[in-house]
Amino acid sequence: MTRFFKNSILAGAIFCSFKLLVVSAAVPESPQQKFIRVAVLRHVDKLNIEIRGRYEISDPKTQDILLQGRRFRRTSIAASPGGINIGQVEYPLDQVKLVSNKDVTVHIGKKDKRFRGAIDIFKEKDGRLLVINTVELEDYIRGILYHEVSHRWPLEVFKVQAIAARTYALYRMERSAKQKYDVTNDIYSQVYGGRSAERYRSNLAVDQTKGLVMFYNKKILPAYFHATCGGTTEDVSELWKLDLPPLKGNICEFCKKSPHYRWKKNFRSKDIQEKLNAHGHAIGLIQEIAVLERNASGRIRRLQIKDRSGQVLTVAGKDFREIVGPNVLKSNNYEIVMQGYYFDAYGRGWGHGVGLCQWGAYGMALKKYSYSEILQYYYPGIAIVDYQSPEFADSSFAQPKPLPAE
Ligand SMILES: [Zn+2]
């Protein structure tokens, strides 16, 4: 405690002359610049941080500077009963902010990742830490492209993905203004690797499409995308409470090269029964799974599961995929062949199927379609606009009306 206050008084005195030297990473340089808040770690007890440049660690509520200097050597930051420990010193706070003119390296377990921008560390109600990287939107897109597009693919696919990812990120941002963060860095958002995940070609695609996003009817498009549609993209209204002409689904003849275009997977009925039981569905040992209804894209709307006692359960196809595991049951478009205590699923595609088919974009780029032609194909009727242009700031584009909840 004592040391904390001494530090902040001392630091506050020095700070007046020092302030101008530090690049304050979270303050927009122009009104058009946008910053996204990415939850890079959740529910952790401690992490190690290192900054090879000038830094400042502060209490964002009072603006008190806790620590600052020219280099922050690898130090543990941990949740403690009375607040947050930085090294050996306990600060009676539930939030600290780190800014630097260089990258911030976060070590967790054996991995380390470098992040541009500012890092906020919150001590949450569960007594554990939430780590948020606030980063300029263009830099965020640099940090996710590498995970979304194979490095062997044409540059045009990187451009397509940069625009789709940027659009989707803006869509998330306008919906999460009241929350602590806009996106996470796991598979449920877009995998974000920070500066560590940046590559030459992905950065080139971000620069060459700088600021470009998709609008439909003067609103930011919920630009969903997926790995492989398997022949037909999905109508978004089958999955979420959204009904938009660019997301009604389309024939795709371009993803046949995908290893997920057709797949086969064997399942043990007992495993599936246990997963259904764990999700509150009372069903015994499975005798048969039959498709009751498919939608216009061929994906399964309803399944019927019969157990050996004759009990019948009806479950939505999209729910069944979530229960089995979306990476195990790759898509919601398959045939089932029962094999005694096992069954085989013969499927098409990987992912929910809405919007851009990434392997299809690759197929189109090989046939020399441009990024705008590819985007128009998967999101028909959209307009590609620059969110950093004055038009965006001055028109209704700046405040798109929120879409209905998903
Ligand atoms: Zn496709």
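Residues numbered from 1 in each chain as written. Predicted model: local features only at pLDDT ≥ 70, side-chain atom pairs only at ≥ 80, totals over all residues. Heavy atoms only, no water.

S.K.: Whenever I open this one, the overall build of the protein chain confuses me. Can you help?
M.R.: When helices and strands are counted, the protein chain shows nine helices and 24 strands. Burial statistics for the protein chain: of 406 residues in total, 51% are counted as buried. Long-range contacts, defined as pairs at least 24 residues apart, comprise 68% of the intrachain contacts of the protein chain with a sequence gap of at least 6. Here the protein chain displays about 19,400 Å² of accessible surface, and carbon together with sulfur accounts for 51% of that area. (Helix = DSSP H or I, 4+ residues; strand = E, 2+ residues; numbered from the N terminus. Buried < 20%, exposed > 50% of the residue type's maximum accessible area, 1.4 Å probe, protein only. Contact = heavy atoms within 4.5 Å. Areas by Shrake-Rupley, 256 points an atom, 1.4 Å probe, with all protein chains shown as cover.)

S.K.: How do you make sense of the packing of helix α7 (residues 358-366) against helix α8 (residues 371-378) when you look at a structure like this?
M.R.: Two quantities define a packed helix pair, namely the angle between the helix axes and the distance between the axes. Running from amino to carboxyl end, α7 crosses α8 at an angle of 140°, the nearest separation of the two axes being 10 Å. Between α7 and α8, the interaxial angle falls into the category oblique. Handedness of the α7/α8 crossing: right-handed. Packed against α7, whose contacting residues are G360, A361, M364 and A365, the element α8 presents E373, I374, Y377 and Y378 at the interface. In the contact of α7 with α8, the residues fall into six nonpolar, one polar and one charged. (Axes fitted to C-alpha atoms, helices over the stretch in contact; angles between N-to-C directions. Parallel < 35°, antiparallel > 145°, perpendicular 65-115°, else oblique. Left-handed = near helix turned anticlockwise from the far one by under 90°. Nonpolar A, V, L, I, M, F, W, Y, C, P; charged D, E, K, R; others polar.)

S.K.: How should I be thinking about α8 in this particular structure?
M.R.: In an α-helix there are 3.6 residues to a turn, and that puts residues three or four apart on one side. Taken as a whole, α8 has its buried residues at I374, L375 and Y378. Viewed end-on, α8 has its buried residues packed into an arc of 95°, placing them on one side of the element. Residues of α8 that are buried make contact with α3 (155-175), β14 (212-216), β23 (356-357), α7 and β24 (383-386). (Arc of directions from axis to C-beta.)

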